[in-house]
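# Chains, contacts and geometry: an overview
Listed below are the residues making up each chain.
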Amino acid sequence: MQVGMIGLGRMGANMARRLMRGGHSCVAYDRDPAKVSEVAGEGAQGASSLAEFIRKLDKPRVIWIMLPAGEITRGAIAELAGSLEPGDIVIDGGNSHYKDDVISRQTLASHAIEFIDCGTSGGVWGAERGYCLMIGGKKETAEYLSPIFRTLAPGQGSTPPTPGREGFNKTAEEGYLYCGPAGAGHFVKMVHNGIEYGIMQSLAEGFDLLHNSGQFGYEFPLVDIAELWRRGSVVSGWLLDLSAIALTKSPDLATFEGSVADSGEGRWTVQAAVEAAVPCPVLTVSLYARFRSRVAHTFGEKLLSAMRFGFGGHVESHKPKDGSSAG
C-alpha cells in the first residue's frame with residue numbers, strides 16, 4: 001500500500017523506513033525540510049508542502065500522522081479535513097487523548113473522511129523490533145489497513161502464543177489489535193503507559209535501595225545484578241534490559257540528572273481511574289514521583305531518566321527545578 005507520513009521525528013521517520021522495507025511506498029512530509037530530504041534519500045517521495053504531499057498520494061489516500069498530542073495534532077487534522085476527499089483515511093498514531101479522537105472522528109466524518117486512532121508503542125527501537133499497535137475506529141477501515149499494521153507490528157517472532165489462545169484474536173499474537181470504536185486505541189495505549197510508569201518506578205526504587213545499601217555493609221555491583229536479573233528472573237523484561245544497558249554505559253548514571261518528564265498519558269490514566277472510581281494507587285504514586293523528581297534527584301530517578309532515554313530517546317529538559325514543568 002501507499003502511505004503518507006506526516007511528522008518525521010524519532011518515530012515517524014523510522015515507521016516510514018519499516019513500511020518501505022516491508023514493500024509499501026511512502027510519501028513523507030515534515031515542516032523541517034532536512035528530515036524530508038533524509039527520508040527521501042532512503043526511498044520515500046518527499047513533499048515540501050501539505051498541498052504537494054496530498055497531490056502525490058493515490059486515492060483513496062492513507063495518511064498517518066505522527067505529531068505531538070494536543071494542539072499540533074488537532075490543527076493538522078483540521079487542515080486535512082479541509083483538504084482531503086471523501087473516502088480518504090487519516091490515522092493518528094501519536095499519543096493523543098482518547099477524548100480528542102472522538103472530536104477528530106466527528107471533524108473528519110463531516111467531510112466523509114475516515115479516521116483511525118492507533119496507539120503506538122516501540123520508541124526508537126521500533127524500526128527493528130516493530131511496533132505494538134492498539135487500534136480504534138471503524139472496524140472495516142481498520143481491516144482495510146491491516147497490511148500496514150502487519151508490516152509495522154513485530155510479528156510473532158520467537159514469542160509463542162499463550163497456551164489456550166485458540167479462538168481468540170490472532171492479530172494480537174502478531175503485535176496489533178483492533179480495540180473498539182474511535183478513541184479505543186488511544187485509551188488502551190494510555191493505560192499501557194500508565195502501567196509503564198509503575199514498572200519503571202518499581203525498578204528505579206529497587207536499584208536505588210541497592211545503591212544505598214552501604215549502611216548494611218554491602219556494596220552491590222548494580223551492573224551485574226541488572227544483567228543477572230535479565231536471565232530467568234520474574235522481573236525480566238525490556239525495561240530491565242534498558243536499565244542494564246544504561247548501567248553498563250555509566251554505572252553511576254552521571255550523564256543523567258534525574259529530572260523525569262511525563263508525556264501526559266500517565267496523568268490521563270490517573271484521571272480516568274478517578275472518573276471510573278477504579279483504585280490505581282501504584283500508577284498514581286509513580287506519576288507523583290515524576291513530579292517530585294523535578295525538585296530533587298535520587299539515583300533511582302536517574303535510572304528512570306535513563307530508561308526513558310533508552311526506549312524513546314527522551315532527553316532531559318534541564319528546566320528549573322521548581323516543579324512547574326508539565327513535562
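Below is a summary of the structure that appears in this document. Note that the coordinates shown come from a computational prediction; the quantities given were computed from them, not determined experimentally.

Tracing the backbone through its elements, the reader meets aspartate 262 in the loop between helix H11 (238–249) and helix H12 (265–276). A residue is classified by how much of its surface remains accessible, and aspartate 262, at 2% relative accessible area, is buried.

Turning our eyes to something else, we now look at the packing of aromatic side chains. This model, assessed by the stated rule, comprises 10 aromatic pairs. Where tryptophan 238 meets phenylalanine 311, the ring centres are 6.4 Å apart and the plane angle is 50°; that geometry is what we call tilted. Here the residue tryptophan 238 occupies a position in helix H11, and phenylalanine 311 occupies one in helix H14 (residues 299–312), the gap between them amounting to 73 residues. With a centroid separation of 6.1 Å and an interplanar angle of 65°, the aromatic rings of phenylalanine 256 and phenylalanine 309 are classed as edge-to-face. Of this pair, phenylalanine 256 sits in the loop between H11 and H12 while phenylalanine 309 sits in helix H14; the two residues are 53 residues apart in sequence, bridging distant segments of the chain. On the accessibility criterion, phenylalanine 256 (15% relative accessible area) is buried.

This part covers the side chain of threonine 73. Mapped onto the secondary structure, threonine 73 falls in helix H4 (residues 71–81). When its relative accessible area of 2% is taken as the criterion, threonine 73 is described as buried. In contact with threonine 73, other than residues within four places in its own chain, are Leu67, Pro68, Asp92 and Ser96.

Attention shifts here to the pairing of strand S7 (residues 132–137). Where burial is concerned, most of S7 is hidden: five out of the six residues are buried. Note that S7 and strand S8 (residues 176–180) share four bridges and pair parallel. In the sheet register, leucine 133 faces S8, and the bridge partner there is tyrosine 176.

The biggest cluster of nonpolar side chains holds 32 residues, and the ones touching the most others in it are Trp64 and Phe149. When residues of this core are assigned to their parent elements, the largest contribution, five residues, is made by helix H1 (residues 12–21). Core analysis: the next-biggest nonpolar cluster, separate from the first, contains 23 residues, Ile225, Ala226, Leu247 and Leu304 among them.

Between its terminal C-alpha atoms helix H5 (residues 98–109) stretches 17 Å, which fits the 16 Å expected from 12 residues at 1.5 Å a residue. Taken as a whole, H5 has its buried residues at Tyr98, Asp100, Asp101, Ser104 and Leu108. For H5, the angular spread of the buried residues around the axis is 135°, confining them to a single face. Packing partners of the buried residues in H5 comprise H4, strand S5 (89–92), strand S6 (114–121), helix H9 (184–211) and H12.

Of the consecutive residues lysine 59 and proline 60, the connecting peptide bond is found in the cis state with omega at -10°. By the element assignment, proline 60 lies in the loop between helix H3 (50–55) and strand S4 (62–65). With a phi angle near 55°, leucine 253 is a residue other than glycine that sits in the positive phi range. Positionally, leucine 253 belongs in the loop between H11 and H12. For leucine 253, a relative accessible area of 0% corresponds to the buried category. Of note in the backbone geometry, alanine 277 takes a positive phi value of approximately 55° without being a glycine. With respect to the element layout, alanine 277 can be found in the loop between H12 and helix H13 (281–293).

Cut-offs applied
Residues numbered from 1 in each chain as written. Predicted model: local features only at pLDDT ≥ 70, side-chain atom pairs only at ≥ 80, totals over all residues. Heavy atoms only, no water. Helix = DSSP H or I, 4+ residues; strand = E, 2+ residues; numbered from the N terminus. Buried < 20%, exposed > 50% of the residue type's maximum accessible area, 1.4 Å probe, protein only. Phe/Tyr/Trp six-rings, centres within 6.5 Å; stacked < 30°, edge-to-face > 60°. Contact = heavy atoms within 4.5 Å. Pairing = 2+ DSSP bridges. Core = buried A, V, L, I, M, F, W, Y, C linked by side-chain atoms within 4.5 Å. Expected span 1.5 Å × (residues − 1). Arc of directions from axis to C-beta.

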